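The residues making up each chain are set out below.
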Amino acid sequence: MIERRDIDKEFYMTTTTIPPKGPRIPAAATAGVHTTPAANPHVRKWIEECVELCKPDNIYYCNGSPEERQALFEQGVSDGTFTRLNQKKLPGSYLHRSNPNDVARSEHQTFICTPSADMAGVTNNWLETKAAYNKLRPLLDGCMRGRTMYVIPFVMGPIGSPLARVGVELSDSLYVAVSMGIMTRMGDVAWRQLGDSDDFTKCLHSILDCNPDRRYICHFPLDNTIWSVGSGYGGNALLGKKCLALRIASFLGHQQGWMAEHMLLMGATAPGGEKTYVAGAFPSSCGKTNFAMLIPPEKYQKQGWRITTVGDDIVWMWIDEKTGRLRAINPEAGYFGVVPGTNERTNPNAMAAMGHDTIFTNVALLPDGDVWWEGKTKQPPPRCIDWMGKEWTPASGTKAAHPNSRFTAPANNNPAIDPAWDDPAGVEVAAIVFGGRRSRSIPLVYQAFNWLHGVYMGATLGSETTAAATGQVGVVRRDPMAMLPFIGYNVRDYFVHWMRMRKRMVDCPRIFHVNWFRKDAEGNYLWPGYGENMRVLKWIIDRSHGRAYAKETMLGWMPKAGDVDLDGLNMSAAQFEALQAVDVDEFKAEILSQEELFLKLAGDLPKEFIFQRELLIARV
Ligand code: OXD
Ligand code: MN
């Protein structure tokens, strides 16, 4: 139990992600905990090479046990990586403050490293393989002197799944070691899954001195290798997530005939018990976690509707040999969700998920050891310590929590976790939903005419940028399939891969487009969003089973006011029609702006897209 005294002391403490210099022996607390080096000869050899390069003072092999996690937290509290939170309110939970220069994914410093630029394509930063190794090797040389190298074996995907993949991350960050323990199936289980095989992703990470000028996230898909230096931020440093489960996995999926996508995966159980799984691709910070954890309005709950979460960020999908249909797993084991705006009303399941055993990153700290962020409560606290460790009051005129502050929580914490979330056989996907954050022009919901049209719809997805990546916020960016920063190979081949997948399916998921964020001229949202999205989801589910009505429009199949349940919403049919309206001139401008990516692709644009675009222009 934490004492008041400790909280007050920690209340004034700031932390840094740079591992301390000077000898850093694995904490006394971790001594005596199982530290067997990897038995696999391929892993051993690679670790030896990395040790020779990075020259750590200590090596600590993570085993993934609860005792180890506790010991690592204790060590993190003693060296300043973590602040222990109020253990009565948030049992097992800790606060981490990152370096203020290191709060989001660094897309401009993220590279696909291949022999030719064409393998990376126009949407990626490219470095020639050898040039990339040569650039990073001097930075890694001796970078772990005076530090501990954590050896973090992990599995992406349910153990025993045909798609499950093993990775081993070597990192000098304690925060990374503990976070990987939440976000993946981490520890001895990975050695067992790997056996004697050499098929594992080699992930090397050092935070160096956390200098943005020495920050590189390099992927070597042909070597199944990731080198990341200079950042401790989740998307840059937890290498199982965006780097392995999206960039490397999308490359492997293209080679091997499966798909790695930036999608949530949810189960919807209808009153009679019918279960439908829906996957959804939304760019970062567009409410993916909220949609994946949706709580249906009371009326729907009374009828017997229930929504369950398989995953909130990434899916791996393959074609089932027996049925010829698309199946999916969530490769992750935890959530790394944005917290600002999250509260009991907007996402009670996320609030419950972060109620214990959670790492909060860059949120504000209250005097009693609880946490706070903008949107958690209507009234801000009279005082707190902000995400940078400074005294804050509502008069400060700054944000108390960083806009991209996060919670890292085990998937099991979610009260609405789907019973099949850990099933190696995965679940069958009935619908794929694409969505962006668009304040104008784009209707609430419509359905693609067919798979090919749906692929075109996904390829032209646009969204207003948010704080999840560094760069300008609020401009429309084309984000094909919400994968722009995550496609690990040439986007041209990625589009072709999507189209080819259809040829191998007996039946395919239906494809939809949604926009929860449309606003009126005064800037008010036209749709209430959150739990009310259930009404749109129900139409999507019914359409996927060939039931609900729709009218043919120039964009695709659309519900009329009577086709989506508005009962209890205080929304007139006319207001709904306004949400669904398409202004021809505005849409012409939209088509022009969709050209942005296509122009870059120029002669490489798949011919199917040229036809789709011509058809769309003809309809408009
Ligand atoms: C994420 C992101 O963290 O997409 O999931 O940035
Ligand atoms: Mn994401």
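Quick caveat, the model's predicted, so the values are computed rather than measured. (Residues numbered from 1 in each chain as written. Chains lettered and ligands numbered in written order. Predicted model: local features only at pLDDT ≥ 70, side-chain atom pairs only at ≥ 80, totals over all residues. Heavy atoms only, no water.)

*Asks:* Would you take a moment to explain unusual backbone geometry for this structure?
*Replies:* Backbone geometry follows two general trends: most residues other than glycine have a negative phi, and most peptide bonds adopt the trans configuration. Positioned with a positive phi, N224 is a non-glycine residue whose angle comes to about 50 degrees. As for its placement among the helices and strands, N224 is situated in the loop between β10 (216–220) and β11 (225–229). For N224, a relative accessible area of 12% puts it in the buried group. In the Ramachandran plot, N570 falls in the positive-phi region, its phi being about 65 degrees despite a non-glycine side chain. (Helix = DSSP H or I, 4+ residues; strand = E, 2+ residues; numbered from the N terminus. Buried < 20%, exposed > 50% of the residue type's maximum accessible area, 1.4 Å probe, protein only.)

*Asks:* Sorry, what's going on with the coordination of the manganese ion (ligand 2) here?
*Replies:* In an ideal octahedron of six donors the angles at the metal are 90 or 180 degrees, and in an ideal tetrahedron of four donors they are 109.5 degrees. In this structure, K242 (NZ), H262 (NE2) and D313 (OD) serve as the protein donors to the manganese ion (ligand 2), at separations of 2.2 Å. In terms of primary sequence, the donors binding the manganese ion (ligand 2) are separated according to K-x19-H-x50-D. Note that K242 is positioned in helix α9 (residues 240–256) and H262 in the loop between β12 (259–261) and β13 (263–269), a separation of 20 residues in sequence. Per residue, the accessibility class of K242 equals that of H262, and both read buried. (Donors = N, O, S within 2.8 Å, 3.2 Å for Na, K, Ca; no water.)

*Asks:* Would you mind going over the environment of V122 with me for this structure?
*Replies:* For V122, the location among the structural elements is in the loop between α4 (117–120) and β5 (125–128). With relative accessibility at 41%, the residue V122 sits in the partly exposed group. Here the alpha-carbon distance between V122 and E332, two residues 210 residues apart in the chain, equals 28 Å. Ignoring anything within four residues of it in the chain, the contact list for V122 reads V491, K600 and L601. (Contact = heavy atoms within 4.5 Å.)

*Asks:* Please clarify how the packing of aromatic side chains should be interpreted in this entry.
*Replies:* For any pair of aromatic rings, the description consists of the separation of the ring centres together with the inter-plane angle of the planes. For the coordinates displayed, the defined rule picks out 28 aromatic pairs. Measuring from centroid to centroid gives 6.5 Å for Y300 and W305, while their planes differ by 55 degrees, and the two rings are tilted. Connected via pairs of aromatic rings, a cluster forms that spans Y456, Y489, Y494, F495, F598 and F609. In this arrangement the basic side chain of K202 is found over the ring face of F200, its NZ or CZ atom lying 5.2 Å from the centre. Directly above the ring of W373 sits K376, whose terminal nitrogen or CZ lies 5.0 Å from the centroid. (Phe/Tyr/Trp six-rings, centres within 6.5 Å; stacked < 30°, edge-to-face > 60°. Lys NZ or Arg CZ within 6 Å of the ring centre and 35° of its normal.)

*Asks:* So what exactly am I meant to see when it comes to helix α14 (residues 491–503) here?
*Replies:* The terminal C-alpha atoms of α14 lie 19 Å apart, and with 13 residues this matches the ideal 18 Å at 1.5 Å per residue to within 8%. Among the residues making up α14, those that are buried are V491, R492, Y494, F495, H497, W498, M499 and M501. Two to three positions downstream of the cap, the backbone nitrogen of R492 sits 2.8 Å from a side-chain oxygen, assigning the N-cap of α14 to N490. (Expected span 1.5 Å × (residues − 1). Polar contact = N/O pair within 3.5 Å; in protein donor to acceptor, adjacent residues only side chain to side chain.)

*Asks:* Explanation requested: the pattern of salt bridges in the structure shown.
*Replies:* Opposite charge on two side chains permits pairing when their charged atoms draw close. Going through the model one piece at a time under the given rule, you end up with 39 salt bridges. Across the salt bridge formed by E274 and R547, the nearest N and O atoms sit 3.0 Å from each other. Of this pair, E274 sits in the loop between β13 and β14 (275–281) while R547 sits in the loop between α15 (533–544) and β30 (551–552), placing them 273 residues apart in sequence. Judged by its relative accessible area of 29%, E274 is partly exposed. The salt bridge involving D418 is made with K275; its shortest N-O contact spans 2.8 Å. Of this pair, D418 sits in the loop between β24 (406–410) and β25 (427–435) while K275 sits in strand β14; the two residues are 143 residues apart in sequence, bridging distant segments of the chain. Since its relative accessible area comes to 0%, D418 is described here as buried. (Salt bridge = Lys/Arg side-chain N within 4 Å of Asp/Glu carboxyl O.)

*Asks:* What am I meant to see in the nonpolar core here?
*Replies:* The nonpolar side chains of a soluble globular protein tend to be buried, and buried together. Ranked by internal contacts, the top residues of the largest apolar core, which has 119 residues, are W316, F360, I432 and W498. For W498, the residues in contact, after removing those within four places along its chain, are M259, E261, M263, I432, F434, W451, V455 and M481. Residues F282, F291, L444 and L537 belong to the second largest nonpolar core, which totals 36 residues. (Core = buried A, V, L, I, M, F, W, Y, C linked by side-chain atoms within 4.5 Å.)

*Asks:* Sorry if this is basic, but what is going on with the site of ligand 1 here?
*Replies:* For ligand 1, the set of nearby residues contains nine residues, the closest of which are R105, K242, S284, D313 and R406. Contact between ligand 1 and R105: an oxygen atom at 3.0 Å from a side-chain N or O atom of the residue. Within the side chain of D313, one N or O atom sits 3.2 Å away from an oxygen atom of ligand 1. Contact with the protein chains removes 95% of the 210 Å² of surface that ligand 1 exposes when unbound. Across the shell around ligand 1, the residue classes tally to three nonpolar, two polar and four charged. (Near = heavy atom within 4 Å. Areas by Shrake-Rupley, 256 points an atom, 1.4 Å probe, with all protein chains shown as cover. Nonpolar A, V, L, I, M, F, W, Y, C, P; charged D, E, K, R; others polar.)

*Asks:* Sorry, what's going on with the sheet that holds β24 here?
*Replies:* Pairing between the strands of a sheet comes from backbone hydrogen bonds, and it takes one of two forms, parallel or antiparallel. Taking strand neighbours across the sheet as the criterion, the five strands line up as β2-β3-β19-β24-β18 in an open arrangement whose pairing is mixed. Of all the strands in the sheet, the pair left with one neighbour each is β2 (83–84) and β18 (334–338). Here strand β3 (residues 94–96) pairs with strand β19 (residues 359–361) via three bridges, running parallel. Residue pairing across strands places L95 opposite F360, the latter belonging to β19. (Pairing = 2+ DSSP bridges.)

*Asks:* Explanation requested: the side chain of T309 in the structure shown.
*Replies:* Tracing the backbone through its elements, the reader meets T309 in strand β15 (residues 306–311). Engagement of the side chain of T309 in a polar contact is seen with the side chain of N414, the distance being 3.0 Å. With near-sequence residues (within four places) excluded, T309 lies in contact with L265, A292, M293, Y335, N414, A416, I417, D418 and W421.

*Asks:* Could you clarify how one ought to interpret the packing of helix α17 (residues 584–601) against helix α18 (residues 607–619) in this entry?
*Replies:* When two helices pack together, their arrangement is given by the angle between the helix axes and by the axis-to-axis distance. At a closest axis distance of 12 Å, the pairing of α17 and α18 adopts a crossing angle of 170 degrees. As the angle between them shows, α17 and α18 are arranged roughly antiparallel. Residues F587, I591, Q594, E595 and F598 of α17 pack against F609, R613, L616 and I617 of α18. Split into classes, the residues belonging to the contact of α17 with α18 amount to six nonpolar, one polar and two charged. (Axes fitted to C-alpha atoms, helices over the stretch in contact; angles between N-to-C directions. Parallel < 35°, antiparallel > 145°, perpendicular 65-115°, else oblique.)

*Asks:* Can you walk me through the domain arrangement of the protein in this structure?
*Replies:* Interface size, as often reported, equals the accessible area lost upon joining of the parts. Entries for the protein in the domain assignment read domain 1 (107–256), domain 2 (261–333 + 422–619) and domain 3 (335–413). Counting residues at the interface gives twelve residues for domain 2, matched by 13 residues for domain 3. In total, about 1100 Å² of surface goes out of reach between domain 2 and domain 3, with carbon and sulfur atoms giving 57% of it. Our enumeration of links across domain 2 and domain 3 arrives at zero salt bridges. Considering only residue class, the side of domain 2 that touches domain 3 consists of seven nonpolar, four polar and one charged. (Domains from an automatic or database assignment. Buried area = accessible area lost by both parts, 1.4 Å probe.)

*Asks:* What exactly am I supposed to notice about the environment of D79 here?
*Replies:* Mapped onto the secondary structure, D79 falls in helix α3 (residues 66–79). In this structure, the C-alpha to C-alpha distance between D79 and D563, residues 484 residues apart in sequence, is 58 Å.

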